[in-house]
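The lines below spell out each chain.
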Amino acid sequence: MEEVTAGQLRERGNALFQAGDHAAALAAYTQALSLCDGEPERAVLHRNRAACYLKLEDYAKAEADASKAIEADGRDMKALFRRSQALQKLGHLDQAVSDLQRCVSLEPKNKAFQEALRALGSSMHEKMKTMSCTDSKVAQMFQVLLDPEEKDADKKQKAAQNLIVLAREEAGAEKIFQSDGVRLLMQLLDTVKADLMLAALRTLVGLCSGHRSRTMAILAELGAPRLSAVLGVEHEQVSLAACNLLHVMFDSLKEGLQKDFRGKEDAVVLDSSKDLKLLIKHLLELLVLEGASAHGRDNALNLLIKVVPRKSPKETNNSMSLWVIDQGLKKILEVGSTVCGTPGSLPVTENSRMSASVLLSKLYDDLKCDAERENFHHLCEDYVRSWFEGHELAGKLRAIQTVSCLLQGPSDAGNRVLELEGIMDSVLSLCASVCEAHQLVAVEALIHAADKAKRASFITANGVSLLKEIYKHSERDSIRIRALVGLCKLGSAGGTDFSMKQFAEGSTMKLAKQCRKWLCNETIDAGTRRWAVEGLAYLTFDADVKEEFVEDKAAMQAMFHLAKSEDRSVLYAVASTLVNCTNSYDHEEPDPQMLELAKYAKQHIPEQHPKDKPDFVKRRVRKLLTAGVVSALACMVKSENPALTNSCRELISRVFLALVEEAEDRGGVVAQGGGKALIPLSLEGTEVGQTKAAQALAKITITSNPEMAFPGERIYEVVRPLVSLLHLQRTGLENFEGLMALTNLAGISERLRQKILKEKAVPMIEGYMFEEHELIRLAATECMCNMAMSKEVQELFLAEDSDRLKLMVLYSGEEDEKLRRAASGTLAMLTALHPAICKRIPQVTVHWLEILQALLLSPSTELQHRGAVVVMNMMAAEREVAEQLMASEMLEILSVLAKDKDKPRVAQAAKESLAQAVAYGLIKPNPGQE
């Protein structure tokens, strides 16, 4: 096979760029660079890549490539101009001006350069004017805020708000920074007045956002200990604002020079890894600091969850997670092992242990090899042993609480420590303790252990009788409800399999009834009632329990109320219960042949409960909608708590998809905030969860007015999830619904079509136009018809080496009327806008005439009209094409159609075609007509 050369690749890149496929052009130029050694040729490729990056809006890379071209040839005007464009977009106006001035000096008569320089000069003038005006304002704001004599609260509040708003703009942020702002902001923090501290923290967020060098300078001046101390304060809003600032600092230190001015930093290579580790070290120390507040501790855990583990497995470097495990795993376990109410215990909230479990789970999942996981296990085992051995009862409780924390997080580690000598025996013996606090710790550990299949058989043999005893004879509801959940977990081991029942007939229903009773009892604290939902999450595998639950409106609303409460650890249980009630879990239909083989071999065959059939599920969904499930789900999605894990998000997405299954329910789901809640679910979480949410968005977009369902800017956020449904690994139904939804969006506005183009959807849409499944092929063609209103898509049809036009002509002659309508509609539009397409139609297929004639002779008036418009446009485009049309039976067909008074639009197009033929002198005018 002949090897491709750098020159051929460059030519290919040029053609792709001209056709509007900038990403493919970039790939071609990049490949050419890898084959090219000559410096002049490499400079041209770098310059071309800069043009691609400008089109793709990656301005930092455009600037870098243009700079490489300029290094090779300082007089390269195209490279200089492209670099000035990139610098302008990056906010480096002074450097952009310098490049443009160089362009003008090299080619003084170039009007494009002169106009660009004039426009840029005007922008800089405005910026300088704003900056000089800002100087005095910054000084005044700080003076008002720091003046102890100033008693006007409204004046102070206005000054604080103005400072925050100013810091959000790059020019304002830089001005505050240059005006000794950091020292003055430190003074505001030192006042220990909540309103002034909030103003300082929120202003610092603006200064640090996307600017690494400024963040490093601020961190050096403020110091990590001070920031950590502010995070740990009792005032909840101040702690949360400090958490937000630290998160922004982490992002800026990690992401690099997004908004930095290169001139200040070219000489210095900034290394922020030490700053990152310093911040994380102080966060880890805050976890075990006795003086830190409970919500400060929670905020520190939440930050560590967000910033330490890798965002994607594609990132190869997990060194930060390894460092945190070595330096801080025991500190995290200190929070997870805290037994509330015991002497010397750390202040924690109801969410702290769950947050610790989530962090441990994310750290464990971030490990790449067995050696790293083994180290994690050893550290956990050492910690548990250190409490279990030689600390008497208090130590045993801490050890058991640690086991619970691990079982809720990295369950492999939890199972390992559960098998340590004496742990399980201590759990069982403490379940019978007379002390409520001790019994609570042990029963919860037993419940979490029962959740893991590895231990379930052991606990069934040893723990069921004990849990039954506790449930029947304990006088404390807090203990009884937990014992009941343990029984629920063990009783649901058969899942949805109707034939696998663990308990006697009716026992499951009795347990569920008791769970609902506790759930509705508002005299019991929310933390205890949460366990009732945990029980229902397992019991609702049984369809009889589902049916009774959805009939109990009070129980449903009590559960929804808990879902909206401060205790976010209930989220997963609520989502699990709703997945069970809506049957939105994965269930495959068994292969009939395999069923026969299983019967023959006397193997167990799963059975579906009669009340899990579609009609029952539909009725349950309606009852949940009536009870207000959508507003509860929307509130759950808003949660910033670690309890909203990716698995939890997936469950919520599954429920939403079930809720919008019926078209008549979709309007209600949108009205209650479902559409808004689905967008973040479709962009973050597990792949399955994102796909389910995207499919729910597609269903809403297909049957609702998208502009009403997703008002304002929200409609543009829907595009990316819908495009994700076009990927090849998605099902045919997901592809079809994604295409249908995009068709609706593409018909609304040019801005939406541009967004679809930017998400690189057009090549995928084209791919589905060749799909064997007729509905998918039709949906893709209809989508392309709407996308063809964009100039960039029209240019694709104009490309010489493309078969796109040929496909549209051929589809206009297919048997499927809807496909013909979409394809001929596209042709009608393209031929009206581009005479060149009219000239090319006779060249793409020998069947073009018979296809156009078939359209004109169609019994469908709509197809006739589209065919007549295409012929009219072709007649007007070029005499040669008109001659070919008039030399065929087309003349006779047009003559008949022109007289059809029942179809005025078709007749008008036919008359215009004949008039054009007369104008060309191809036919003589009819003497009876004008």
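All values reported here derive from a predicted model rather than from experimental measurement. (Residues numbered from 1 in each chain as written. Predicted model: local features only at pLDDT ≥ 70, side-chain atom pairs only at ≥ 80, totals over all residues. Heavy atoms only, no water.)

**Student:** Even after reading the chapter, I still don't get the side chain of Ser293, so can you show me in this structure?
**Tutor:** Among the structural elements, Ser293 can be located in the loop between helix H16 (273-287) and helix H17 (294-307). By relative accessible area, Ser293 is classed as buried at 1%. Within polar-contact distance, the side chain of Ser293 engages the backbone nitrogen of Gly296 at 3.0 Å. Sequence-distant contacts of Ser293, defined by excluding residues within four places in its chain, comprise Gly232, Val233 and Glu234. (Helix = DSSP H or I, 4+ residues; strand = E, 2+ residues; numbered from the N terminus. Buried < 20%, exposed > 50% of the residue type's maximum accessible area, 1.4 Å probe, protein only. Polar contact = N/O pair within 3.5 Å; in protein donor to acceptor, adjacent residues only side chain to side chain. Contact = heavy atoms within 4.5 Å.)

**Student:** Even after reading the chapter, I still don't get helix H37 (residues 663-671), so can you show me in this structure?
**Tutor:** Because the α-helix completes a turn every 3.6 residues, residues three or four places apart line up on one side. Among all positions in H37, only Asp665, Arg666, Val669 and Val670 are buried. Looking straight down H37, one finds that the buried residues subtend no more than 140° of arc, so they occupy a single side. Turned more than 90 degrees away from the buried face of H37, the exposed residues are Glu664 and Ala671. On its buried side, H37 packs onto helix H34 (614-627), helix H35 (629-638), helix H36 (646-659), helix H38 (674-683), helix H39 (687-703) and helix H40 (706-709). At the C-terminal side of H37, Gly673 shows a positive phi close to 100°. (Arc of directions from axis to C-beta.)

**Student:** Help me understand the packing of aromatic side chains in this model?
**Tutor:** Geometry of an aromatic ring pair is reported as the spacing of the ring centres plus the angle between the planes. Within the structure shown, the criterion is met by two aromatic pairs. The ring of Phe616 carries the charged tip of Arg619 above its face, separated from the ring centre by 4.8 Å. (Phe/Tyr/Trp six-rings, centres within 6.5 Å; stacked < 30°, edge-to-face > 60°. Lys NZ or Arg CZ within 6 Å of the ring centre and 35° of its normal.)

**Student:** Please clarify how the packing of helix H29 (residues 526-539) against helix H31 (residues 553-563) should be interpreted in this entry.
**Tutor:** Between two packed helices, the angle of one axis relative to the other and the distance separating the axes together describe the packing. Taken N-terminus to C-terminus, the directions of H29 and H31 make an angle of 125°; their axes are 11 Å apart at the nearest point. Considering their axes alone, H29 and H31 lie oblique with respect to each other. For H29 against H31, the interelement crossing comes out left-handed. Counted together, Ala526, Arg529, Arg530 and Val533 of H29 and Ala558, Met559 and Leu562 of H31 form the full contact between these two elements. Counted by class, the contact of H29 with H31 contains five nonpolar, no polar and two charged residues. (Axes fitted to C-alpha atoms, helices over the stretch in contact; angles between N-to-C directions. Parallel < 35°, antiparallel > 145°, perpendicular 65-115°, else oblique. Left-handed = near helix turned anticlockwise from the far one by under 90°. Nonpolar A, V, L, I, M, F, W, Y, C, P; charged D, E, K, R; others polar.)

**Student:** Hey, could you run me through the environment of Leu363 in this one?
**Tutor:** Tracing the sequence through the fold places Leu363 in helix H19 (residues 352-365). Using a relative accessible area of 0% as the deciding quantity, one classes Leu363 as buried. Placed 46 residues apart in sequence, Leu363 and Gly409 show a C-alpha to C-alpha distance of 9.8 Å.

**Student:** Just to check I follow, could you spell out the confidence of the model for the protein chain for this structure?
**Tutor:** The predicted coordinates of low-pLDDT regions are not to be read in fine detail. This prediction gives the protein chain a mean pLDDT of 83; 90% of its residues lie at or above 70. Segment residues 494-502: pLDDT under 50, and 22 contacts once partners within four positions in sequence are set aside and those in other chains are kept. (pLDDT = per-residue confidence, 0-100.)

**Student:** In this structure, what is going on with unusual backbone geometry? I would like to understand it.
**Tutor:** Of note in the backbone geometry, Asn583 takes a positive phi value of approximately 55° without being a glycine. Position of Asn583 relative to the elements: it lies in the loop between helix H32 (571-582) and helix H33 (592-600).

**Student:** I'm lost on the pattern of salt bridges in this one. Help?
**Tutor:** When the charged atoms of two side chains with opposite charge come close together, those side chains can pair. Per the counting criterion, the structure on display carries 41 salt bridges. Where Arg821 meets Glu817, a salt bridge forms, and the shortest distance between an N and an O atom there is 3.4 Å. Of this pair, Arg821 and Glu817 both sit in helix H49 (residues 817-833), four residues apart, which is roughly one turn of that helix. The class for Arg821 is partly exposed, based on a relative accessible area of 26%. Judged by relative accessible area, which is 37%, Glu817 ranks as partly exposed. In this structure, a network of salt bridges that share partners links the residues Glu374, Glu381, Asp382, Arg385 and Arg416. (Salt bridge = Lys/Arg side-chain N within 4 Å of Asp/Glu carboxyl O.)

**Student:** Hey, could you run me through the nonpolar core in this one?
**Tutor:** Soluble globular proteins: nonpolar side chains tend toward being buried together. Ile652, Phe656, Leu659 and Leu885 are the most contacted members of the largest nonpolar core, which has 269 residues in total. Apart from residues no more than four positions distant in its own chain, Ile652 is found in contact with Ala575, Leu633, Met636, Val637, Leu644 and Leu681. Counting 15 residues, the second-largest nonpolar core is a separate cluster that includes Tyr29, Leu33, Leu54 and Ala62. (Core = buried A, V, L, I, M, F, W, Y, C linked by side-chain atoms within 4.5 Å.)

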